[in-house]
Amino acid sequence: MMVNRLIFEGTDDKHVVKNLLHNHHYNGERLSEIFNDLKVKEGIDNLISTLTEELKATDLGVLGVVLDADTNLANQWASVTRVLNAHGCQNIPPVPSPNGTIVVTRDGKKIGIWVMPDNQQSGALEDFVGSMIACGDDLWDKAQADVINIPGSKRRFRQTYLSKAQVHTWLAWQEEPGTRMGETFKKKYLDPNCQPAIVFVDWIKRLLV
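Note that this is a predicted model, so its numbers are computed, not measured. (Residues numbered from 1 in each chain as written. Predicted model: local features only at pLDDT ≥ 70, side-chain atom pairs only at ≥ 80, totals over all residues. Heavy atoms only, no water.)

*Asks:* Looking at this structure, how should I read the overall build of the chain?
*Replies:* Secondary structure summary: the chain contains nine helices and seven strands in total. In terms of overall dimensions, the chain is globule-like: its C-alpha atoms have a radius of gyration of 17 Å, near the 17 Å expected for 209 residues. In the chain, buried positions account for 47% of the 209 residues. Taking as baseline every contact in the chain between residues at least 6 positions apart, the subset at least 24 positions apart corresponds to 64%. Distance between charge centroids for the chain: 4 Å, based on 23 positive and 26 negative side chains. (Helix = DSSP H or I, 4+ residues; strand = E, 2+ residues; numbered from the N terminus. Rg over C-alpha atoms; globule rule 2.2 N^0.38 Å. Buried < 20%, exposed > 50% of the residue type's maximum accessible area, 1.4 Å probe, protein only. Contact = heavy atoms within 4.5 Å. Lys, Arg positive; Asp, Glu negative; His and termini not counted. Charge placed at Lys NZ, Arg CZ, Asp CG, Glu CD.)

This is how it looks when you write it as structure tokens:
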């Protein structure tokens, strides 16, 4: 049986994407059911080191790769495309497509790559989540401002964790404080039909065409 597989750096990425896809359909089926194998790689290094193995899997239908840009989008892209080139993938662009990249292996399998948050800038899952918070949400504006205004000498988190601190501050102020990011769609805290979400979902659907 062929499987449609998504691989992720971490557990939060998996649960956010799974619950986003649960809200969307393709040919009458939920996308979360069409992509029937979601694998967590526990970090970028392991994702890259096992990518060749995933590309060679005999049960593979299509493969989606979701990773964070972190502080250097170009370096992350180079790490992935180096493996894709070695595997004979075709039409690999020099930079990620803003709408999500899709390439084809020498044996005709479709491989999709999405670099969080939007394939264009540095960042991570939390930046993607933040982009799906409703415009005009006063608590989101306040969470961002409050975190930014913490004096540098008082901050206990790294600058690269700024968006993580902001999103989790905002989550702490919701009806159920401490809700995990993967549960935000079920709680109606995020909009699964906002523009950033639709661009991601459309990338997923193009993998299936």
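*Asks:* What is the right way to look at the nonpolar core in this model?
*Replies:* Side chains that are nonpolar tend, in soluble globular proteins, to be buried together. Ranked by size, the top nonpolar core spans 36 residues in total, and within it L6, L21, M116, W170, F200 and I204 carry the most contacts. Among the elements that make up this core, the one with the highest residue count is helix α9 (residues 195–208) (seven residues). The residues touching M116, leaving out its near neighbours within four places in the chain, are V17, V66, L67, D68, A69, Q121, G123, A124, L125, F128 and F200. I44, L73, V103 and I113 belong to the second largest nonpolar core, which has 22 residues in total. (Core = buried A, V, L, I, M, F, W, Y, C linked by side-chain atoms within 4.5 Å.)

*Asks:* Mind showing me how you'd approach the packing of aromatic side chains here?
*Replies:* Any pair of aromatic rings gets described here by the distance separating the centres and the angle formed by the planes. This structure, assessed with the given rule, holds seven aromatic pairs. By the ring-pair criterion, three or more aromatic residues cluster together here, those being W114, F128, F200 and W203. In this arrangement the basic side chain of K164 is found over the ring face of Y161, its NZ or CZ atom lying 5.7 Å from the centre. (Phe/Tyr/Trp six-rings, centres within 6.5 Å; stacked < 30°, edge-to-face > 60°. Lys NZ or Arg CZ within 6 Å of the ring centre and 35° of its normal.)

*Asks:* Would you take a moment to explain the packing of helix α7 (residues 138–148) against helix α8 (residues 162–172) for this structure?
*Replies:* Packed helix pairs are specified by the crossing angle of their axes together with the interaxial distance, meaning the distance between the axes. Closest axis-to-axis distance for the α7/α8 pair is 9 Å, and the angle between their directions is 135 degrees. Classed by the angle they form, the pair α7 and α8 counts as oblique. Note that α7 runs across α8; the crossing there is right-handed. Mapping the contact onto sequence places L139, W140, A143, Q144, V147 and I148 in α7 and L162, A165, Q166, V167, T169 and W170 in α8. Tallied by class, the residues present in the contact of α7 with α8 amount to nine nonpolar, three polar and no charged. (Axes fitted to C-alpha atoms, helices over the stretch in contact; angles between N-to-C directions. Parallel < 35°, antiparallel > 145°, perpendicular 65-115°, else oblique. Left-handed = near helix turned anticlockwise from the far one by under 90°. Nonpolar A, V, L, I, M, F, W, Y, C, P; charged D, E, K, R; others polar.)

*Asks:* Help me understand α9 in this model?
*Replies:* Residues separated by three or four positions in an α-helix point in the same direction, a consequence of the helix having 3.6 residues per turn. Between the first and last C-alpha of α9 there are 20 Å, a value that for 14 residues agrees with the 20 Å anticipated at 1.5 Å per step. Taken residue by residue, α9 has A197, V199, F200, V201, W203, I204 and L207 as its buried positions. (Expected span 1.5 Å × (residues − 1).)

*Asks:* Sorry if this is basic, but what is going on with the sheet that holds strand β5 (residues 60–68) here?
*Replies:* Strand pairing in a sheet relies on backbone hydrogen bonds. The paired strands run either parallel or antiparallel. Read from one edge of the open sheet, five strands run β4-β1-β5-β7-β6, paired in mixed fashion. Sheet topology places β4 (37–40) and β6 (101–104) at the edges, where each strand pairs with a single neighbour. Ignoring which end each strand starts from, the neighbouring axes of this sheet average 20 degrees apart. Inspection of the sheet shows strand β1 (residues 3–8) paired to β5 by six bridges, in the parallel sense. Its bridge partner lying in β5, L6 is registered against G64. In the packing of helix α5 (residues 73–86) onto the sheet, the strands contacted are β5, β6 and β7 (110–116), and the crossing angle to β7 comes to about 165 degrees. Where α9 meets the sheet, its contacts fall on β1, β5, β6 and β7, and the angle it forms with β7 comes to roughly 165 degrees. (Pairing = 2+ DSSP bridges.)

*Asks:* Would you mind showing me how to read the environment of L84 here?
*Replies:* Looking at where L84 falls in the secondary structure, it is placed in helix α5. When residues no more than four places from it in sequence are discounted, the contact partners of L84 are L55, C89, I92, V103, I111 and I113.

*Asks:* Can you walk me through the pattern of salt bridges in this structure?
*Replies:* Two side chains carrying opposite charge are able to pair once their charged atoms lie near each other. For the structure on display, the rule yields ten salt bridges. When the shortest N-O distance is used, the salt bridge between R180 and D12 registers 3.7 Å. Of this pair, R180 sits in the loop between α8 and α9 while D12 sits in helix α1 (residues 11–22), and the two are 168 residues apart along the sequence. Classification of R180 as exposed rests on a relative accessible area of 53%. Its relative accessible area of 26% is what places D12 among the partly exposed residues. Where K187 meets E176, a salt bridge forms, and the shortest distance between an N and an O atom there is 3.1 Å. Within this pair, whereas K187 is found in the loop between α8 and α9, its partner E176 is found in the loop between α8 and α9, the two being separated by eleven residues in sequence. Relative accessible area serves as the criterion here: at 33%, K187 is assigned to the partly exposed category. Taking the relative accessible area as the measure of exposure, E176 reaches 39% and is therefore partly exposed. If you follow the salt bridges from partner to partner, you end up with R5, D37, K39, K41, E54 and D59 in one network. (Salt bridge = Lys/Arg side-chain N within 4 Å of Asp/Glu carboxyl O.)

The quantities given are spatial measurements derived from coordinates; they are silent on function.
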